[in-house]
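# Examination of the molecular architecture
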Protein chains: 2
Amino acid sequence: MKPVLYGYWRSGAAYRLRIALNLKGIEYDQVAINLKTGEQKSDAWLAMQPQGLVPVLKYGDAMLMQSPAILEWIEERWPQPALLPSDPLERCRVRAWAAIIGCDTHPVQNLRILKAVGDDLGQGPAGMKAWAHRWTRDGLAALETLVAVHPRSTPFLHGDAPGLAEVYLLPQLVNARRWEVDLSAFPTLMAAEAACLALPAVQRATPENQPDAE
Amino acid sequence: MKPVLYGYWRSGAAYRLRIALNLKGIEYDQVAINLKTGEQKSDAWLAMQPQGLVPVLKYGDAMLMQSPAILEWIEERWPQPALLPSDPLERCRVRAWAAIIGCDTHPVQNLRILKAVGDDLGQGPAGMKAWAHRWTRDGLAALETLVAVHPRSTPFLHGDAPGLAEVYLLPQLVNARRWEVDLSAFPTLMAAEAACLALPAVQRATPENQPDAE
C-alpha cells in the first residue's frame, strides 16, 4: 500500500517526510496543497486537517497528521534503515536535537506566526524578518553547541548516516536561507547538510525538486 | 537508579514529565531551577542546558533534555503502564494530538516568546495576553475537534487511562487558566482533565503540589 503525501514543495514539515520516506526507500504519491493560494484554508482541506496545516500522510483509510507523529510512525512501520539509534539514551539525544528544531525553532517563526507578527502586531516585513532571524539563530545555535561537543567520526550529526536530527535540520536551513540568516556560525550543521545533500535520496526530497515547485 | 528532575513548579514541560513518571510509578528526586529569579540563565545552568530551558532529567551520567524526547525515553524505559496505544496508527494519532500542544500551542506562547512580544515588539501586557489567548484557543480548538469526533467510551482522550495526549494537555490547561482563557468551548478536553485529576498519581504532579510552589 503506497502512502500519499499531501504537502507543498516549500513546506518544511512536508520536506521532513520526503527525506524520511526517501531514505527508507518507500515509494509514495504526492498531492500538492498550494499554500501560496491559500488552499490550506479551503473547506475541503479543513475537513481533512482541521488546523489548516500540511502535511498529511494518507495510508489506506488513515489520514496521519503532524509530522513529528508521522515520522515516528514511519520509523515503526519501516524500521530499516533506522532514523534513530538503537541505544535508548542515544535515541533520546537524537530526538532532543530534533525537538530543538521541531518545537523551539520551526513553530515559533513559521508562516502563520510570521504573518501574525508582520500584519497583526504591525511589525511589517522588516519585523517579520527580524523575528525569523532571532528564533532561527537561537535554535540553530543551541543545536550547533550540543552537536559539536558530541564525539562523531562522520559529518552526520549522529552515527554514519542521516537520522531524525537531519530530517528536521535540512528544512530549517532552507528556511534560514530564505530569510538570509547568516549561517557561518553553524559549521557543524552545514557540514551535516552537505553530507546529506550528496545522497540521491535526499536530493530527490529537496523543495526545488518537487513537481509543484515554482 | 533514581532519575533526578531539574524543573520548576510552574514549567509546563516539567509538569508533563511529572505526570508521566507518576503514572508509571517511577520514583524520582527533584531539583528546582527558579525561572522567576532567572536561574535558567545562570552559567551553571547553561552548562547543563545550553538553551537555558527546563526540564532536564538526569539519569546516571546522562542529562536528558527536551520533554518530547524524554517522554519517549520514559515510555521505552518503563513500558508499563503504556502512555501510547499498541496499534501503530493509533500511536500516530495520539502522538499527533500531543504534537498539536507540544509544537503548535505551547512553544509559540511560552514565557520567552511572550516576553519578546510584550517587551521587544512593544505590545505590553495586553498584547502578551492577546497573543497567549490567540494561540492557546487555536491549539485547544484543533485538539477538541479531533478528539470529539473520535469514538471513545471513557472521558480520557484515548483508551481507558491517561496517555501521552493528556500528559501534554493538562499543563496547557493550567497555562490557559493563568491567562484567563475561556475554556467552555472545550468540553471534551475539560472532561479528560477532570478524569485525570481524580487520580492520585496526577494530583501529586500538579504545579501547586510541588515542593518549590509559591
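Residues numbered from 1 in each chain as written. Chains lettered and ligands numbered in written order. Predicted model: local features only at pLDDT ≥ 70, side-chain atom pairs only at ≥ 80, totals over all residues. Heavy atoms only, no water.

### Considerations on the UniProt feature "domain: GST N-terminal" (unreviewed entry) in chain A
Rule in force here: UniProt positions are given in the numbering used here, feature names are shortened, and annotations may be inferred rather than shown by experiment. Helical segments are the DSSP runs of H or I of at least four residues, strand segments are the runs of E of at least two, and each set is numbered from the N terminus.
Residues given the UniProt feature "domain: GST N-terminal" (unreviewed entry) here are residues 1-82 of chain A. The distance separating the terminal C-alpha atoms of residues 1-82 of chain A is 20 Å; by composition the span is 35% helix and 20% strand.

### Quick look at the UniProt feature "domain: GST C-terminal" (unreviewed entry) in chain A
In the numbering used here, UniProt assigns the feature "domain: GST C-terminal" (unreviewed entry) to residues 87-214 of chain A. Across residues 87-214 of chain A, helical content stands at 62% and strand content at 0%; the span's end C-alpha atoms are separated by 42 Å.

### Details of the pattern of salt bridges
Pairing is possible between side chains that carry opposite charge, provided their charged atoms lie close to one another. To be explicit about the condition: What makes a salt bridge here is a side-chain nitrogen of Lys or Arg within 4 Å of a carboxyl oxygen of Asp or Glu, nothing more.
Counted according to the given criterion, the structure contains 24 salt bridges over all chains. Linking glutamate 90 of chain B and arginine 93 of chain B is a salt bridge whose minimum nitrogen-to-oxygen distance equals 3.0 Å. Within this pair, glutamate 90 of chain B and its partner arginine 93 of chain B are both found in helix H4 (residues 88-102), separated by three residues, close to a single helical turn. Among the charged side chains, a network of salt bridges with common partners joins Glu72, Arg91 and Arg95 of chain A together with Glu76 of chain B.

### Thoughts on the relation of the copies chain A and chain B
Rules: We superpose the copies by least squares over the C-alpha atoms of residues that have a pLDDT of at least 70 in both of them. Contacts: residue pairs with any heavy atoms within 4.5 Å of one another.
Between chain A and chain B, the superposition needs a rotation of 180° and an axial shift of 0.0 Å, giving an RMSD of 0.0 Å. Such values leave the two copies arranged in the relation of a two-fold axis. Counting the interface residues of chain A, we find that 100% of their copies in chain B are interface residues as well, pointing to one common contact surface.

### A few points about the pairing of strand E4 (residues 62-65) of chain B
Residue and element names in this part refer to chain B. Filter applied, for reference: Any two strands with at least two DSSP-identified bridges between them are counted as paired.
In this sheet, E4 lies alongside strand E3 (residues 56-59) in antiparallel orientation, the contact comprising four bridges. Note that in E4 the partner of tyrosine 59 across the bridge is alanine 62. The hairpin formed by E3 and E4 contains two residues between the paired strands, and glycine 60 there has a positive phi angle of roughly 65°.

### A few points about the domain arrangement of chain A
Residues and elements named next belong to chain A. Just so we agree on the cut-off: Throughout the structure description, domain borders are defined by an automatic or database domain assignment. The quantity reported as buried area is the accessible area (1.4 Å probe) lost by two parts once they are put together, taken as the sum for both. Here a polar contact is recorded for every N or O atom pair within 3.5 Å, except that within protein the pair must consist of a potential hydrogen donor and a potential acceptor, and residues adjacent in sequence are included only if both atoms are side-chain atoms.
When the domains of chain A are assigned, the result is domain 1 (4-81 + 202-209) and domain 2 (88-199). Just the C-alpha atoms count here: the centres of domain 1 and domain 2 sit 19 Å apart. Across the boundary between the two partners, domain 1 contributes 14 residues, which contact 15 residues of domain 2. Interface area for domain 1 against domain 2, summed over the two sides, is near 1,400 Å², with a carbon-plus-sulfur share of 64%. Counting the contacts that link domain 1 with domain 2 gives one salt bridge. Glutamate 72 is paired through a salt bridge with arginine 95; the nearest N and O atoms lie 2.8 Å apart. The interface formed by domain 1 and domain 2 holds four residue pairs in polar contact (both at pLDDT 80 or more) in total. Of all the secondary structure elements, the ones that give two or more residues to the side of domain 1 that touches domain 2 are helix H1 (12-23), helix H3 (67-77) and helix H9 (200-203).

### A word on the sheet that holds strand E4 (residues 62-65) of chain A
Residues and elements named next belong to chain A. The condition is simple: Under this scheme, a helix contributes an axis fitted over its contacting stretch, all axes are lines through C-alpha atoms, and angles between N-to-C directions fall in the 0 to 180 degree range.
The four strands are arranged E2-E1-E3-E4 in an open sheet whose pairing can be described as mixed. Where the open sheet ends on each side, the last strands, each with one partner, are strand E2 (29-32) and E4. Recorded for the sheet is a direction-independent mean angle of 25° between the axes of neighbouring strands. Pairing of strand E1 (residues 4-7) with E2, which is carried by four bridges, proceeds in the parallel orientation.

### Side note on helix H7 (residues 164-178) of chain B
Residues and elements named next belong to chain B. So the rule is basically this: One less than the residue count of a helix, multiplied by 1.5 Å, gives the span that helix is expected to have. Accessibility here uses a 1.4 Å probe with only protein chains present; expressed as a share of the type maximum, an area under 20% marks a residue as buried, one over 50% as exposed, and anything in between as partly exposed.
With 15 residues, H7 ought to run about 21 Å at 1.5 Å a step, and its terminal C-alpha atoms sit 22 Å apart, in line with that. Among the 15 residues in H7, twelve count as buried, and that is most of the element. Considered for burial, the residues of H7 that qualify are Leu164, Ala165, Glu166, Val167, Tyr168, Leu169, Leu170, Pro171, Gln172, Leu173, Asn175 and Ala176. Of the surrounding elements, those touching the buried residues of H7 are helix H1 (12-23), helix H3 (67-77), H4, helix H6 (124-148), helix H8 (187-197) and helix H9 (200-203). The first or second residue beyond H7 is glutamate 180, which carries a positive phi of 60°.

### Structural notes on the sheet that holds E3 of chain B
All names here are of chain B. Spatial ordering of the open sheet is given by E2-E1-E3-E4, a layout of four strands whose pairing is mixed. With one partner strand each, in any of the chains shown, strand E2 (29-32) and E4 form the two edges of the open sheet. The mean angle between the axes of side-by-side strands here comes to 25°, regardless of whether they run parallel or antiparallel. Sitting on the sheet, H1 is in contact with strand E1 (4-7), E2 and E3, with an inclination near 155° to E1. H3 contacts E3 and E4 of the sheet and is inclined by roughly 120° relative to E4.

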